[in-house]
Amino acid sequence: MTIDLIFNGANLFVLPFWALIIFLPNWKVTRKIMESFIPFVLLAILYLYLLISSITPESAAALSNPTLPDIAKFFGEESAAATGWIHFLVMDLFVGRWIYWEGQRTGVWTVHSIILCLFAGPFGLLSHILTYLISRKFFGNPTDETTSTPTVEKVSTINN
């Protein structure tokens with residue numbers, strides 16, 4: 001299997017999950033699919049495969065105490081760049097899934113944050129946190145606080 005095929009396949013693999021949480025968030029099938037960890041397990045296995053196959057003794061030594069030039073050199077190789085990209089795909093989708101479930105649980109509008117997360121994960125996460133805080137300030141508490149999913153409020157309370 002070539003790196004190009006893995007890269008393109010992984011990109012296509014995540015798109016249906018994003019489409020479901022963006023376009024059909026309240027559909028029973030979307031909820032059922034997004035309950036599963038299977039997409040993340042599959043992507044994590046692919047990531048592990050690429051990571052193991054892209055590490056050389058030289059890159060392992062350089063990455064054990066990384067410098068910016070070492071990281072740039074490492075990601076200059078196709079297999080390492082694909083490994084990094086799969087990392088982005090799985091983590092962005094995981095954060096997008098969390099945002100989706102927070103929206104389902106609290107009733108806070110999330111589609112804009114999920115779209116931003118698709119293209120720039122941390123920006124989508126920040127967008128959701130700000131949307132949650134603004135919604136809470138202007139529209140009251142979220143509608144359902146019965147689940148154990150950590151919210152911004154719970155996390156800030158824990159950290160204080």
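Before any of the text, the structure's been laid out above.
These numbers were taken from a predicted model, which means no experiment stands behind them.

A look at the pattern of salt bridges
- One pass over the full model with this rule turns up 1 salt bridge.
- With a shortest N-O distance of 2.9 Å, E102 and R105 are connected by a salt bridge. With E102 and R105 both in helix α6 (residues 78-106), this residue pair falls 3 residues apart, about one helical turn. One exposure class covers both E102 and R105, and it is buried.

Things to note about α6
- Compared with the 42 Å implied by 1.5 Å per residue over 29 residues, the 41 Å span of α6 between its first and last C-alpha is a close match.
- Within two residues after α6, G107 carries a phi angle of roughly 85°, on the positive side.

Description of the packing of helix α3 (residues 38-54) against α6
- Contact geometry for α3 and α6: axes closest at 9 Å, N-to-C directions at 160°. Here α3 is positioned roughly antiparallel relative to α6, judged by the angle of their axes. In this structure, α3 meets α6 at a crossing whose hand is left-handed. Where α3 abuts α6, its residues F40, L43, L46, Y47, L50, L51 and S54 lie against S79, A80, A82, T83, I86, H87, V90, L93, F94 and R97.
- Of the residues assigned to the contact of α3 with α6, the class counts are 12 nonpolar, 4 polar and 1 charged.

Procedures and definitions
- Residues numbered from 1 in each chain as written.
- Predicted model: local features only at pLDDT ≥ 70, side-chain atom pairs only at ≥ 80, totals over all residues.
- Heavy atoms only, no water.
- Salt bridge = Lys/Arg side-chain N within 4 Å of Asp/Glu carboxyl O.
- Helix = DSSP H or I, 4+ residues; strand = E, 2+ residues; numbered from the N terminus.
- Buried < 20%, exposed > 50% of the residue type's maximum accessible area, 1.4 Å probe, protein only.
- Expected span 1.5 Å × (residues − 1).
- Axes fitted to C-alpha atoms, helices over the stretch in contact; angles between N-to-C directions.
- Parallel < 35°, antiparallel > 145°, perpendicular 65-115°, else oblique.
- Left-handed = near helix turned anticlockwise from the far one by under 90°.
- Contact = heavy atoms within 4.5 Å.
- Nonpolar A, V, L, I, M, F, W, Y, C, P; charged D, E, K, R; others polar.

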